[in-house]
Amino acid sequence: MQDASPLHEEVSSAEYARVVPEVCNMIQEWMRAGEHAEALVTPYSNASDSRAEWHLELNEEGVDDKELLRSMQTILQHSVNPWTDRFLAKLYTAPTVTSMCGDMLLSAMNASVHVFSASPALSLVEEECVRKLCDLYGFGTRADGVSMPGGAASNTLAVQTALSCAFHGVYRSEGIAGQIRVLMQEYNRVGTGARPTILTGVDSHFSIDRAALASGLGRNAVVHVESDAHGRMRVDALEQLLKEMTSDPAHPLGMPFFVNATSGTTVLGAFDNLRAIAKLCKEYRCWLHVDASWGGPAIFSEKLRKELFDGAELANSLTMNPHKLLNVTHQCSFLLVKDGRCLSEHAIRAGYLFHETQSESEHRVTDRATMTLGCGRRGEALKLFLTWRKYGTKQLGNHLDHGVKVAQQLLADLRTNPHMEVGPVADPLFLQICFRPRRMPGNLTGSDATHAVCARLQRDRRYAVDFAPSSNGDYLRLVVHPRTPSSIYFALIKQITAYATD
Ligand SMILES: *Cc1c(COP(=O)(O)O)cnc(C)c1O
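Computed from a predicted model, the values in this text were never measured in an experiment. (Residues numbered from 1 in each chain as written. Predicted model: local features only at pLDDT ≥ 70, side-chain atom pairs only at ≥ 80, totals over all residues. Heavy atoms only, no water.)

Visitor: Would you mind going over the site of the ligand with me for this structure?
Guide: Near the ligand there are 15 residues, and of these Gly-151, Ala-152, Asp-291, His-323 and Lys-324 occur at the shortest range. One of the backbone nitrogen or oxygen atoms of Ala-152 is found 2.8 Å away from an oxygen atom of the ligand. A distance of 3.4 Å is found between a nitrogen atom of the ligand and a side-chain nitrogen or oxygen belonging to Ser-293. If the ligand stood free it would expose 380 Å²; the protein chains cover 85% of that surface. Elements supplying a minimum of two residues to the shell around the ligand: α6 (151-165) and α12 (322-325). Among the elements that make up the shell around the ligand, the one with the highest residue count is α6 (3 residues). Per-class residue counts for the shell around the ligand are 3 nonpolar, 10 polar and 2 charged. (Near = heavy atom within 4 Å. Polar contact = N/O pair within 3.5 Å; in protein donor to acceptor, adjacent residues only side chain to side chain. Areas by Shrake-Rupley, 256 points an atom, 1.4 Å probe, with all protein chains shown as cover. Helix = DSSP H or I, 4+ residues; strand = E, 2+ residues; numbered from the N terminus. Nonpolar A, V, L, I, M, F, W, Y, C, P; charged D, E, K, R; others polar.)

Visitor: Would you explain the environment of Asp-474 in this entry?
Guide: On the secondary structure map, Asp-474 appears in strand β11 (residues 473-479). Look at Asp-474 and you get buried, because its relative accessible area is 15%. Taking the C-alpha atoms as reference points, Asp-474 and Gly-311, 163 residues apart in sequence, are found 33 Å from one another. Setting aside chain neighbours within four positions, we find Asp-474 in contact with Arg-436, Gly-446, Ser-447, Thr-450, His-451, Phe-467, Ala-468 and Pro-469. (Buried < 20%, exposed > 50% of the residue type's maximum accessible area, 1.4 Å probe, protein only. Contact = heavy atoms within 4.5 Å.)

Visitor: Please explain the state of the cysteines as it appears in this structure.
Guide: Put plainly, a disulfide is one covalent bond tying together the sulfur atoms of two cysteines. In total, this model carries 1 disulfide according to the counting rule given. Here Cys-165 is linked by a disulfide to Cys-342, with a sulfur-sulfur distance of 2.1 Å. Between Cys-165 and Cys-342, the disulfide has an S-S torsion of -95° and is therefore left-handed. Here Cys-165 is found in helix α6, whereas its partner Cys-342 is found in helix α13 (residues 340-344), with 177 residues between them in sequence. When its relative accessible area of 6% is taken as the criterion, Cys-342 is described as buried. In this structure Cys-281 is not part of a disulfide, and its nearest cysteine sulfur, from Cys-286, lies 5.5 Å away. By relative accessible area, which is 3% here, Cys-281 ends up buried. Here Cys-454 stays unpaired: no disulfide links it, and the sulfur of Cys-434, its closest cysteine neighbor, is 11 Å away. (Disulfide = S-S within 2.5 Å.)

Visitor: Could you clarify how one ought to interpret the confidence of the model for the protein in this entry?
Guide: Low pLDDT means the predicted atomic positions in that stretch should not be read closely. Confidence in the prediction of the protein, expressed as mean pLDDT, is 93, and 95% of residues score 70 or more. For the stretch residues 359-363, pLDDT sits under 50, and the model shows 4 contacts to residues farther than four places along the chain or on other chains. (pLDDT = per-residue confidence, 0-100.)

Visitor: Please clarify how the side chain of Asp-474 should be interpreted in this entry.
Guide: Although buried, Asp-474 forms no salt bridge, and the nearest oppositely charged side chain, Arg-436, lies 6.8 Å from it. Engagement of the side chain of Asp-474 in a polar contact is seen with the side chain of His-451, the distance being 2.7 Å. (Lys, Arg positive; Asp, Glu negative; His and termini not counted. Salt bridge = Lys/Arg side-chain N within 4 Å of Asp/Glu carboxyl O.)

Visitor: Just to check I follow, could you spell out the side chain of Ser-317 for this structure?
Guide: Here Ser-317 lies in strand β6 (residues 317-320). Here Trp-287 takes part through its side chain, which lies 2.8 Å from a polar atom of the side chain of Ser-317. When residues no more than four places from it in sequence are discounted, the contact partners of Ser-317 are Phe-139, Ala-158, Trp-287, Leu-288, His-289, Val-290, Leu-335, Leu-336 and Val-337.

Visitor: Help me out: how do you make sense of the domain arrangement of the protein in this one?
Guide: Interface size is commonly expressed as the accessible area that is lost once the parts come together. Domain annotation of the protein identifies domain 1 (10-39 + 43-79), domain 2 (108-389) and domain 3 (394-500). For domain 1 versus domain 2, the distance between C-alpha centres works out to 39 Å. (Domains from an automatic or database assignment.)

Visitor: Explanation requested: the sheet that holds strand β9 (residues 432-437) in the structure shown.
Guide: Strands in a sheet are paired, the pairing made by backbone hydrogen bonds, and the direction either parallel or antiparallel. Ordered in space as β8-β9-β11-β10, the 4 strands form an open sheet in which the pairing is antiparallel. Two strands bound the open sheet, and with one partner strand each, they are β8 (420-422) and β10 (466-470). Across the sheet, the mean angle separating the axes of adjacent strands is 45° when strand polarity is ignored. Across 5 bridges, β10 lies against β11 in antiparallel orientation. The residue bridging Ser-470 from the neighbouring strand is Gly-473, located in β11. Across the sheet, helix α15 (residues 446-460) touches β9, β10 and β11, and the angle it forms with β11 is around 45°. Across the sheet, helix α16 (residues 486-500) is in contact with β8, β9 and β11; its angle to β11 comes to roughly 150°. (Pairing = 2+ DSSP bridges. Axes fitted to C-alpha atoms, helices over the stretch in contact; angles between N-to-C directions.)

Here's what the structure looks like:
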């Protein structure tokens, strides 16, 4: 038997000094190769076909440092490379180096931001991010928020928070059964009419449906409201549903308690009319949540704030993801709640962990995990904090303004391109453009033309672009990342035009 754990055979700072510079060099080399003008986005055209060759296996015996570095190298070599700037398939892209530094610091501290005593500085960093974000959205001084592992998680916590706060908190003690009882006894609802229901746009993210599942409401508790031609939830359709559902005690769709508006939809980048929706929520006593996972950072730009977030201050909660448009490394999302006390409704007394009792007058919570349904938490807010420190609110706003300007130029370019057909677009335009060639070789049109382009792009491995369905078939969904040089987009359109005229 050894007299020390094999995990601590060497002084860690010495091991760090020996291994980490090599890892850093490897990473830098990989980034540099990725930045090369001819670099491919993926090292394979079909990942499933090549996985057997990667030798990613775990064995009875360990390996030495050299072998370990080889494994790291293998993983990097077989990964999608965001540093080409041509990975445009998703709503995230290459991270800022500053947020990568944040990840390193977080790993070195290895602190859990569940209780203040375990992570005082990181707790304050999170508080400051939350405070400043709440200021930007106009949430006022009673607001609070938490960092979460993603937009889906934030949206789920929003639904759970609304449930905990609505109907005098019966959900907290008795769950959905209690909630339905209250709706029957106090609101005179009957049958399925007593089911608490979420209303959201048809173009909203699937995580809203997921949140209904996770809260015990079930998927049938989500009602999808029609969109207009530009992908916004139709306010008149929402009003009609609210009116019908609330006035009929036995309405088969249930009783609305939560409306989700989206600021930046996943496909078109549409922004729902928050002011009009907030007015309806007030009238029909619904919790208004804004899923700004994608579009949220537009708040940093004074111009976009006025155009896209008018009425945001009237919402009860809001999700935003720095790991998408602010190029912060995964994962980093925030849920902000206007009445911060609602978040603390989740608090469960655990004397062995949460020692600080809250005073009645002080609504601020210092042990941040009490606001979540989790326990241990990584201090992901640090990555936003460092990015925000470095660029300031102003430059982050300029980042967004720049992206929108490029998107406008691209749309104008595509509209004059005789080979291209522009699909539905948001109005005002944000950062997504749906388009496809009018015709691809073999006389392919519509969705077939879109899929033919995708197949060519995948084979050539120079660009990664996704497609998305619309009422008019599938289109290529071009995501304009503000960090990505506009020349990349114009070269891509040239490439697709060449495919179409081959
Ligand atoms: C991306 C996205 C989400 C989910 O965010 P994750 O961080 O991937 O969990 C939710 N809503 C919208 C509108 C999104 O674009």
